[in-house]
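# Architecture and fold: a report
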Amino acid sequence: FDIVVIGIIFAFNIVTYYLYSKVAKKAELEVQYILLEKEREYYLEQYKQIEVSQKELREFKHDIKNYFMMINMFIQNKEYDKLNDYCENLSGKLENEYIVSKTGNVVIDSILNYKGAIAKSLKIDFLLDVFVPQDLMLDSSDMAVILGNLLDNAIEAVKGLEKKDRKIQLKMRYDLPNVSIAVTNPFAGNRKKDSNQNYVTTKEDERNHGLGMKIVKDTVERYQGILEAKDYNNVFITHVLLYDVAR
């Protein structure tokens, strides 16, 4: 009888542990999914905001002839106070614009100019070598997620370094029909890896941080692409290869 009772208790414990593990795993996956979706929404919203900024700049350039006509009129009429006010107004429209990318690809230019402005504010050298088609067969939100995360990670890694070491290099190339992206930046300290040799976050809140590379990996894999990361001599390199996205 005792053996039967022990057997029942043992079996009950196994079933309880199994159910608990399943519930805990499901809850963890749900949390991960929610966090990934929130980050995806963040980059999509960010892309929309910077696209509006780019649109305003294009409209400004389109109207440049009218601006010169007004300036010339003020000069001819010797209305120098009005000319000064007018020029200050025009200057205000451009003071927040920082253009580092002019590839003609609106999505990529918007993201790189936005991140470039952030880098400039942190006194980070933002070095670009970008040559891509104007149109890619890649969802705009996916490009925002890939580039946004890679550059955010790089900015986070270098912003605390000495000014002479604050440098981010981005290289984008296409070899029809594929596109490659490489981000290189220095870092301080040591990079951590998990048991599968994947890089993990060094931030204290591992639950909410460190998802950037996961969402990049998931996004890249949806295009049957490859994500690789490596480091040497305190330099971190992330390389992305996307297949069949360039026309």
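Calculation criteria
Residues numbered from 1 in each chain as written. Predicted model: local features only at pLDDT ≥ 70, side-chain atom pairs only at ≥ 80, totals over all residues. Heavy atoms only, no water. Pairing = 2+ DSSP bridges. Helix = DSSP H or I, 4+ residues; strand = E, 2+ residues; numbered from the N terminus. Right-handed = clockwise from strand over helix to strand, strands pointing away. Axes fitted to C-alpha atoms, helices over the stretch in contact; angles between N-to-C directions. Polar contact = N/O pair within 3.5 Å; in protein donor to acceptor, adjacent residues only side chain to side chain. Contact = heavy atoms within 4.5 Å. Salt bridge = Lys/Arg side-chain N within 4 Å of Asp/Glu carboxyl O. Parallel < 35°, antiparallel > 145°, perpendicular 65-115°, else oblique. Left-handed = near helix turned anticlockwise from the far one by under 90°. Nonpolar A, V, L, I, M, F, W, Y, C, P; charged D, E, K, R; others polar. Core = buried A, V, L, I, M, F, W, Y, C linked by side-chain atoms within 4.5 Å. Buried < 20%, exposed > 50% of the residue type's maximum accessible area, 1.4 Å probe, protein only. Expected span 1.5 Å × (residues − 1). Arc of directions from axis to C-beta.

Relative to strand 2 (residues 167–175), strand 1 (residues 125–130) is paired through six bridges, and the arrangement is parallel. What sits directly across from D125, in strand 2, is K167. Taking the sense of rotation as the criterion, the β-α-β connection linking strand 1, helix 5 (residues 140–158) and strand 2 turns out left-handed.

To continue, consider the sheet that holds strand 2. Reading across the sheet, the five strands line up as 1-2-3-7-6 and stay open at both edges, with mixed pairing between neighbours. One side of each edge strand has no neighbouring strand; the edge strands of this open sheet are strand 1 and strand 6 (226–232). The sheet shows a mean angle of 10° between the axes of neighbouring strands, direction not considered. Where strand 3 (residues 178–186) meets strand 7 (residues 235–242), eight bridges bridge the pair, whose relative direction is antiparallel. Each residue of the ladder has a partner; that of V179, found in strand 7, is L242.

Residue position: D175 is located in strand 2. Expressed as a C-alpha distance, the spacing of D175 and D244, which sit 69 residues apart in the sequence, is 9.7 Å.

With respect to the helices, strands and loops of the structure, S101 is situated in the loop between helix 3 (80–94) and helix 4 (106–121). A polar side-chain atom of S101 sits 2.6 Å from a polar atom in the side chain of D109. If we ignore the near neighbours within four places in the chain, the residues touching S101 are D109, L112, N113 and L128.

The next subject is the pattern of salt bridges. Once the charged atoms of two side chains with opposite charge are near each other, the side chains can pair. One pass over the structure, following the stated rule, counts eight salt bridges. With a closest N to O distance of 2.8 Å, D142 and R222 form a salt bridge. With D142 in helix 5 and R222 in helix 6 (residues 212–222), this pair connects stretches of sequence that are 80 residues apart. In this structure, K164 and D165 form a salt bridge, with 3.3 Å as the shortest nitrogen-oxygen distance.

For the rest of this paragraph, the subject is the packing of helix 4 against helix 5. For the pair helix 4 and helix 5, the least separation of the axes is 10 Å and the interaxial angle reads 20°. Of the possible angle classes, the one that applies to helix 4 and helix 5 is roughly parallel. Here helix 4 runs over helix 5; the crossing is right-handed. Listed contacts from helix 5 to V107, I108, I111, L112, K115 and I118 of helix 4 are S140, M143, A144, L147, G148, L151, D152 and I155. For the contact of helix 4 with helix 5, a count of residues per class yields ten nonpolar, two polar and two charged.

Attention now moves to the nonpolar core. Grouped together as the largest cluster of nonpolar side chains are 34 residues, with contacts concentrated most on I108, M143, L147, I168, M172 and I181. Only helix 4, strand 1, helix 5, strand 2, strand 3, helix 6 and strand 7 provide two or more residues apiece to this core. In terms of residue count, helix 5 provides more of this core than any other element does, nine residues in total. When neighbours within four sequence positions are excluded, I108 is seen to be in contact with V130, V132, L136, M143, L147 and M172. Residues Y67, I71, F74 and L83 belong to the second largest nonpolar core, which totals six residues.

Our focus in this paragraph is the pairing of strand 6. Strand direction decides the pairing type here: strand 6 and strand 7, joined by seven bridges, are antiparallel. Pairing of Y232 across the sheet is with V235, part of strand 7. Turn length for the strand 6-strand 7 hairpin, with the two strands adjacent in sequence and antiparallel, is two residues, and the turn residue N233 shows positive phi of about 50°.

Secondary-structure assignment places T238 in strand 7. We classify T238 as buried; its relative accessible area is 5%. Residues contacting T238, with those up to four places away along its chain left out, are L150, I181, A182, V183, M213, L227, E228 and A229.

Contact pair helix 5 / helix 6: the axes reach a minimum separation of 9 Å and the direction vectors enclose 145°. Here helix 5 runs over helix 6; the crossing is left-handed. Contact residues: helix 5 offers D142, V145, I146, N149, L150 and N153, while helix 6 offers G212, M213, I215, V216, T219, V220 and R222. When its residues are assigned to classes, the contact of helix 5 with helix 6 shows seven nonpolar, four polar and two charged.

The first and last C-alpha atoms of helix 2 (residues 64–76) sit 18 Å apart over 13 residues, in line with the 18 Å expected at 1.5 Å per residue. Among all positions in helix 2, only Y67, I71 and F74 are buried. Viewed along the axis of helix 2, the buried residues span an arc of 60°, placing them on a single side of the element. Residues K65, F68, M69 and Q76 are exposed on helix 2 and point more than 90 degrees away from its buried face. The first or second residue beyond helix 2 is K78, which carries a positive phi of 55°.

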